[in-house]
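Residue-level listing of the chains:
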Amino acid sequence: MGTTQLETVPEPKYWHLKTVLSEALDSEFAVGEVLPNERDLAARFGVARATLRQALEQLELEGRLHRRRGVGTTVAPPRVGVAVDPARHTWPGAAGDDWQPVDAVETEAVPAPIARLLETAPGDRVQIVRRSRVTNGQPVAAELLYVPSASVPGCSEVAAVSAQSRARAVLHELQGLELEGQDRTVELGSARAEDAKQLDRLPGAPVLVVTTRYFCAGRTTAVAVSTYRADTCRLTFGESEAVALLAG
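Every value quoted in this text rests on a predicted model; they were computed, and no experiment measured them.

> Just checking my understanding: could you explain the overall build of the chain for this structure?
When its secondary structure is counted, the chain shows 6 helices and 11 strands. Buried positions account for 44% of the 248 residues belonging to the chain. For the chain, the proportion of contacts with a sequence separation of at least 24, taken over those separated by at least 6, is 65%. As presented, the chain carries roughly 12,800 Å² of accessible surface, and 50% of it is formed by carbon and sulfur atoms.

Okay, structure coming up:
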């Protein structure tokens, strides 16, 4: 492997290095192949290891690389397309839903931003349903669905059964409500410890967070916070799936 020196460029050195590395990944390495160690890579491109790490972190964020302790840095496969289709206009848990219920709990403790979206008052009980999404046998997303208990009163009858049965009961109750609409926001974030465990990632790994509000009777009736792996999936929107976010 030859030595490539980076020329002086106006953009940050790590960003230019990221572009050079990306071209090398396309021409010199196969999916799953382990890259040379940081010392050898830094020597090849004539940069400090700190600059190299910045470039590698950016490529990992973009889904080009996987970095695992004890293995090293490997070339990542193409991202899996994951449809997030607002045209369905259905409640979570409806027929054709790609998510699987894991468990549920009823509590008064919900994050303040969620409480504001739901317009709940202190002391109001909320059902929190945890769900997961798997594509091609790989976990790609984890979700927390927040539903005020007042919106699904029938769920109080399943208080003594398993957490998964409670989750299914909440989803079933939602189907009896008239959905008036929904909206979504998408932002880049870092995996929380619980999400990271469910997604087989390290805490702090880059994720895409999709927050969906469901409207019924003129107010927000449910809020879903879905956390997608940013390294292995790309989100597509609309029936034609023509709009892609962070496409690899």
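> Please explain unusual backbone geometry as it appears in this structure.
Generally, phi is negative for residues other than glycine and the peptide bonds are trans, each holding for most cases. The phi angle at Glu 119 is positive, at roughly 60°, despite the residue not being glycine. Mapped onto the elements, Glu 119 comes out in the loop between α4 (112-118) and β5 (126-135). Located in the positive-phi region is Ala 217, a residue other than glycine, with phi close to 55°. Assignment of secondary structure puts Ala 217 in the loop between β8 (206-216) and β9 (219-229). Residue Ala 217 is classed as exposed on the basis of its relative accessible area of 63%.

> Would you mind going over the confidence of the model for the chain with me for this structure?
Caution is warranted with low-pLDDT regions, since their predicted coordinates should not be read in detail. Mean pLDDT over the chain works out to 83, with 85% of the residues at or above the 70 mark. Mean pLDDT per element in the chain: strand β11 (residues 243-245) is the minimum at 37, and α4 is the maximum at 94. Low pLDDT, under 50, characterises residues 239-248; the stretch is placed with 22 contacts to residues that sit more than four places away or in other chains.

> Explain the side chain of Gln 198 here, please?
Turning to its location among the elements, Gln 198 is positioned in helix α6 (residues 193-199). Of note is the side chain of Gln 198, whose polar atom sits 3.4 Å from the side chain of Arg 130. Filtering out sequence-adjacent residues up to four positions away, Gln 198 remains in contact with Val 102, Arg 130, Arg 131, Ser 132, Pro 139 and Ala 142.

> For this particular structure, what's the right way to read helix α5 (residues 163-175)?
Count 3.6 residues to each turn of an α-helix, and residues three or four apart come out pointing the same way. Taking 1.5 Å per residue as the helical rise, α5 with its 13 residues ought to reach 18 Å, and the 19 Å between its terminal C-alpha atoms agrees with that figure. Where α5 is buried, its residues contact β4 (99-107), β5 and β6 (138-148).

> Is there a simple way to explain the pattern of salt bridges in this structure?
The full count for this structure, using the stated rule, is 12 salt bridges. Between Arg 64 and Asp 26 there is a salt bridge, and its shortest N-O distance comes to 2.9 Å. In this pair, Arg 64 is assigned in the loop between α3 (49-61) and β1 (65-68) and Asp 26 in helix α1 (residues 13-28), connecting sequence segments 38 residues apart. For Arg 213, the salt bridge is made with Asp 183, and the minimal N-O distance between the two is 2.8 Å. Here Arg 213 is found in strand β8, whereas its partner Asp 183 is found in strand β7 (residues 181-190), with 30 residues between them in sequence.

> I keep staring at the packing of aromatic side chains and nothing clicks. Help me out?
Where two aromatic rings form a pair, the distance of their centres and the angle of their planes describe that pair. In total, this model carries 3 aromatic pairs according to the counting rule given. Residues Tyr 14 and Trp 15 carry aromatic rings whose centres are separated by 6.1 Å and whose planes lie at 90° to one another, so their mutual orientation is edge-to-face. With relative accessibility at 23%, the residue Tyr 14 sits in the partly exposed group. Seen in terms of ring centroids, Trp 91 and Tyr 214 are 5.9 Å apart; in terms of plane orientation they differ by 35°. Their pairing is tilted.

What counts and how
- Residues numbered from 1 in each chain as written.
- Predicted model: local features only at pLDDT ≥ 70, side-chain atom pairs only at ≥ 80, totals over all residues.
- Heavy atoms only, no water.
- Helix = DSSP H or I, 4+ residues; strand = E, 2+ residues; numbered from the N terminus.
- Buried < 20%, exposed > 50% of the residue type's maximum accessible area, 1.4 Å probe, protein only.
- Contact = heavy atoms within 4.5 Å.
- Areas by Shrake-Rupley, 256 points an atom, 1.4 Å probe, with all protein chains shown as cover.
- pLDDT = per-residue confidence, 0-100.
- Polar contact = N/O pair within 3.5 Å; in protein donor to acceptor, adjacent residues only side chain to side chain.
- Expected span 1.5 Å × (residues − 1).
- Salt bridge = Lys/Arg side-chain N within 4 Å of Asp/Glu carboxyl O.
- Phe/Tyr/Trp six-rings, centres within 6.5 Å; stacked < 30°, edge-to-face > 60°.

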